[in-house]
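# Chain and residue survey
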Amino acid sequence: MSRDRVHCVDCREPIPGDARICPHCEAVQPSPLVDAGIVVAGVFAFVFGAILALMTIGTTRLAGFLLLVVGFGLAVGGYTRHVDRQAARRAR
Ligand SMILES: [Zn+2]
């Protein structure tokens, strides 16, 4: 039952876990699922890119390297967003 332990990012009032907008101050709630999706997609792209870069040659290898870089950026970016939000939540 961790879904109903969600608090508004703005006014800290408890809100339903699936609420997209706070019923108290109407602040839009960020979805942790989006971050998780970005990280998962990034890791997949990273792994797939690594395989392409290691196993193939020529243009496909170049595409693999590109995928590797993009995947790494997505994974790190998504994780950083998540950490930033937690830090901001704690600071309040
Ligand atoms: Zn609120």
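Worth saying up front: this structure is predicted, and the values here are computed from it rather than measured. (Residues numbered from 1 in each chain as written. Predicted model: local features only at pLDDT ≥ 70, side-chain atom pairs only at ≥ 80, totals over all residues.)

### Remarks on the UniProt feature "transmembrane region" (unreviewed entry) in the protein chain
The feature "transmembrane region" (unreviewed entry), as given by UniProt, occupies residues 36-55 and 62-80 in the numbering adopted here. Strand forms 0% of residues 36-55 and helix 100%; the C-alpha atoms that close the span are 28 Å apart. (UniProt positions renumbered as here; feature names shortened; annotations may be inferred. Helix = DSSP H or I, 4+ residues; strand = E, 2+ residues; numbered from the N terminus.)

### Quick word on the environment of Cys-22
As for its position among the elements, Cys-22 is in the loop between strand S2 (14-15) and helix H1 (32-55). For the pair formed by Cys-22 and Gly-77, sequence separation is 55 residues and the distance between their alpha carbons is 26 Å. Apart from residues lying up to four places away in sequence, Cys-22 is in contact with Cys-8, Asp-10, Cys-11, Glu-13, Ile-15, Ala-27 and Gln-29. (Contact = placed C-beta atoms within 7 Å.)

### Details of the environment of Ala-88
As for its position among the elements, Ala-88 is in helix H2 (residues 59-91). C-beta crowding within 10 Å serves as the criterion here: with 10 such atoms nearby, Ala-88 is assigned to the exposed category. As a C-alpha pair, Ala-88 and Val-9 span 79 residues in sequence and 8.9 Å in three-dimensional space. (Buried ≥ 20, exposed ≤ 12 C-beta atoms within 10 Å, placed from the backbone.)

### So, H2
Compared with the 48 Å implied by 1.5 Å per residue over 33 residues, the 47 Å span of H2 between its first and last C-alpha is a close match. Along H2, the positions that sit buried rather than exposed are Gly-64, Leu-67, Leu-68, Gly-71, Leu-74 and Gly-78. On the buried face of H2, the contacting elements are H1. (Expected span 1.5 Å × (residues − 1).)

### Some remarks on the confidence of the model for the protein chain
The predicted structure's coordinates, where accompanied by low pLDDT, should not be read in detail. Averaged over the protein chain, the pLDDT score is 85; the fraction of residues at 70 or greater is 95%. Per-element averaging of pLDDT across the protein chain places strand S1 (residues 6-7) at the bottom with 82 and H1 at the top with 90. (pLDDT = per-residue confidence, 0-100.)

### Some details on the domain arrangement of the protein chain
Partitioning the protein chain into domains gives domain 1 (1-29) and domain 2 (31-92). In this structure, domain 1 and domain 2 have C-alpha centres spaced 28 Å apart. (Domains from an automatic or database assignment.)

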